[in-house]
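Architecture and fold: a report
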Amino acid sequence: MADDHMPQRSDRLGLTDDELALHRTVFASDALKDMVIVLSGGAGGIGRAIAWLFARLGAHLVVVGRNQGKLSALTSNMTAKGLQASACAADIRDADAVARLFDTVWQTHGRVDGLINSAGGQFPQPAIDFSVKGWNAVIDTNLNGTWYMMQTAARHWRDNKQPGNIVNIVVVTTHGLYGIAHSIAARSGVIGLSRSVAVEWAPLNIRVNCVAPGAIETEGWNVYAPEARAAYPRSNPMMRAGSPWNVAEACAYLASPSGAFVTGETLTVDGGGQLWGETWTTGKPAYFIDKDT
Ligand SMILES: CCCCCCCCC/C=C/C(=O)SCCNC(=O)CCNC(=O)[C@H](O)C(C)(C)COP(=O)(O)OP(=O)(O)OC[C@H]1O[C@@H](n2cnc3c(N)ncnc32)[C@H](O)[C@@H]1OP(=O)(O)O
Ligand SMILES: NC(=O)C1=CN([C@@H]2O[C@H](COP(=O)(O)OP(=O)(O)OC[C@H]3O[C@@H](n4cnc5c(N)ncnc54)[C@H](OP(=O)(O)O)[C@@H]3O)[C@@H](O)[C@H]2O)C=CC1
């Protein structure tokens, strides 16, 4: 089977629910049977791919985001296909709302087996121009919000003597992504946190990993200028954007028994972008443009 390719379209970004309902997968249809998975950012471009894949593998998906309408539209489409999904609106930056979210899920299902943190984002701006409010908005969303979700999930697993599994979606922090330094700082924090608690929480039978996507075409790209977006597919040696499905299957690998001996790891899904290529979300400064080539 050839690698999948994103259909070339100019009118929209990412994959539709109809496409996600049918997308081929290498995973067995019962790989996540009866697992209850909490998925933040579940109605986003990458989140929806994770939601569909995981539900098609037998899990019940609890999708989380701030916009109830987007969540309900997704879960209606999923349940119409016979899949198990429910929606819970919450702002991950609100620690009390996160606590209520997990209380509700445990009361409803009596268990949670996995947490995928896909909620996140940033705006492109040269770091020298960040306002205090802008900096805090990105750190609060991507570092603090992710941490509230991780810690709350872990406390329930500890208190219920249940094993657990966390996958945090981050960005590539090591090379090649510029104009979003606030997000690189926040995601580096999440990667460090994950490595640290992977050890602290191993005695609780909780695994903690990250997935670092490269350029993955989703509607999240709409916050970037058209010229920046046009360059993203050329930011890696494969010279194309990845699909949300590539990220979803990486998450399935880590969240299912296939990842049973993997913890504290960051799995990079970027077409080799961390080795070759660069992404300037704010446009490449003239200083770096070699006029002789
Ligand atoms: C090798 C690897 C290859 C890798 C190649 C990868 C390429 C792609 C890179 C990554 C892609 C993705 O992640 S795409 C998917 C992610 N999705 C997104 O990023 C979209 C979501 N973004 C957001 O929602 C926002 O940016 C975020 C700040 C995070 C949260 O929003 P909030 O609603 O809390 O915040 P807002 O109220 O909008 O804004 C709060 C303040 O933030 C500042 N602010 C917000 N937007 C701003 C803007 N455009 N320019 C300046 N400042 C801004 C202002 O100070 C705002 O205050 P006021 O002045 O008072 O308003
Ligand atoms: N697409 C790409 O190229 C890349 C993406 N990533 C990262 O992957 C993750 C998913 O990206 P993608 O799906 O493309 O982005 P989207 O913007 O499509 O989805 C992000 C989702 O996060 C939710 N969200 C944002 N803030 C909050 C909050 N405070 N509380 C709860 N939910 C929130 C949003 O839902 P709502 O608005 O309803 O709250 C939205 O559905 C993000 O962390 C992103 O930065 C990393 C590298 C590359």
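The name an unreviewed UniProt entry assigns to the protein chain is Peroxisomal trans-2-enoyl-CoA reductase, from the organism Bradyrhizobium macuxiense.

The residue Asn67 is located in the loop between strand 2 (60-65) and helix 3 (68-80) in this model. The class of Asn67 is partly exposed, set by a relative accessible area of 38%. Spatially, the C-alpha atoms of Asn67 and Gly41 are 9.8 Å apart, while their sequence positions differ by 26 residues. Looking at Asn67, its side chain comes within polar contact range of the main-chain nitrogen of Gly69, at 3.0 Å. A polar side-chain atom of Asn67 sits 2.9 Å from the main-chain amide nitrogen of Lys70.

Before going further, it helps to examine the sheet that holds strand 4 (residues 114-117). In spatial order, the strands read 3-2-1-4-5-7-8; together these 7 strands make up an open sheet with parallel pairing. The two strands at the open ends of the sheet, each matched to only one other strand, are strand 3 (84-89) and strand 8 (266-269). Strand after strand, the sheet turns through a mean of 20 degrees between neighbouring axes, direction not considered. Pairing of strand 7 (residues 206-213) with strand 8 involves 4 bridges; the strand directions are parallel. Pairing of Cys210 across the sheet is with Thr266, part of strand 8. This element, helix 3, spans strand 2 and strand 3 of the sheet and lies at about 175 degrees to strand 3. Docked against the sheet, helix 6 (residues 181-200) engages strand 5 (164-169), strand 7 and strand 8, running at close to 155 degrees with respect to strand 7.

A word on the site of ligand 2. What surrounds ligand 2 is a group of 30 residues, the closest being Ile46, Arg66, Asp91, Arg187 and Thr218. The backbone of Gly44 places a nitrogen or oxygen atom 3.2 Å from an oxygen atom of ligand 2. For ligand 2, the accessible surface in isolation is 880 Å², of which the surrounding protein chains cover 88%. Residue composition of the shell around ligand 2, by class: 12 nonpolar, 13 polar and 5 charged.

Attention now moves to the confidence of the model for the protein chain. Of the residues in the protein chain, 96% reach a pLDDT of 70 or more, and the chain-wide mean stands at 95. Within the model, pLDDT remains below 50 along residues 5-10, and this stretch shows 11 contacts once partners closer than five positions in the same chain are excluded. The ipTM, which scores confidence in the relative placement of chains, is 0.97 for this predicted complex, and the corresponding pTM is 0.96.

Attention now moves to the UniProt feature "domain: Ketoreductase" (unreviewed entry) in the protein chain. The UniProt feature table records "domain: Ketoreductase" (unreviewed entry) at residues 35-193. Structurally, residues 35-193 is divided into 52% helix and 18% strand, and its ends, taken at the C-alpha atoms, are 25 Å apart.

Turning to the packing of helix 4 (residues 95-109) against helix 5 (residues 132-160), a few remarks are in order. Packing of helix 4 against helix 5 brings their axes to within 9 Å, and their N-to-C directions diverge by 40 degrees. Judged by the angle between their axes, helix 4 and helix 5 are oblique. When you trace helix 4 past helix 5, the crossing you get is right-handed. Contacts between helix 4 and helix 5 pair Ala95, Val98, Ala99, Leu101, Phe102, Asp103 and Trp106 from the former with Tyr148, Met149, Thr152, Ala153, His156, Trp157 and Asn160 from the latter. Residues that form the contact of helix 4 with helix 5 fall into these classes: 10 nonpolar, 3 polar and 1 charged.

Reading the values: the criteria
Each chain has its residues counted from 1, running along the sequence as written. Think of it this way: whatever chain is written first is A, whatever ligand is written first is 1, and the rest follow in order. Thresholds applied to this predicted model are a pLDDT of at least 70 for local features of residues and 80 or more for the giving and counting of side-chain atom pairs; totals over whole chains, interfaces and linings are not thresholded and use all residues. Derived side-chain values reflect all non-hydrogen atoms in the structure, with water molecules and hydrogen atoms excluded from consideration. Only DSSP runs of H or I covering at least 4 residues are called helices, and only runs of E covering at least 2 are called strands; the numbering of each starts at the N terminus. Partly exposed residues are those whose accessible area sits between 20% and 50% of the maximum for their type, while under 20% is buried and over 50% is exposed, using a 1.4 Å probe and protein chains only. Pairing of N or O atoms within 3.5 Å defines a polar contact, subject to two protein rules: one partner must be a possible hydrogen donor and the other a possible acceptor, and residues neighboring in sequence count only if both atoms are side-chain atoms. At least two bridges found by DSSP between two strands are what make those strands a pair. Whenever a helix is involved, its axis is fitted only over the stretch in contact; in every case the axis is a line through C-alpha atoms, and angles between N-to-C directions fall within 0 to 180 degrees. Two residues form a contact once any of their heavy atoms are found within 4.5 Å. For each residue, the test is whether any non-hydrogen atom lies within 4 Å of the molecule or strand; if one does, the residue is near. Under the convention used here, a 1.4 Å probe and the Shrake-Rupley method define accessible areas, while residue burial counts only the protein chains that appear. Three residue categories are used. Nonpolar comprises Ala, Val, Leu, Ile, Met, Phe, Trp, Tyr, Cys and Pro, charged comprises Asp, Glu, Lys and Arg, and polar comprises the others, including Gly. Confidence scores here are pLDDT values: one per residue, from the predictor, ranging 0 to 100. UniProt positions are given in the numbering used here, feature names are shortened, and annotations may be inferred rather than shown by experiment. For classification purposes, angles smaller than 35 degrees are called roughly parallel, those larger than 145 roughly antiparallel, those between 65 and 115 roughly perpendicular, and all remaining angles oblique. The hand of a helix crossing depends on one turn: near helix anticlockwise from the far one by less than a right angle means left-handed, and clockwise means right-handed.

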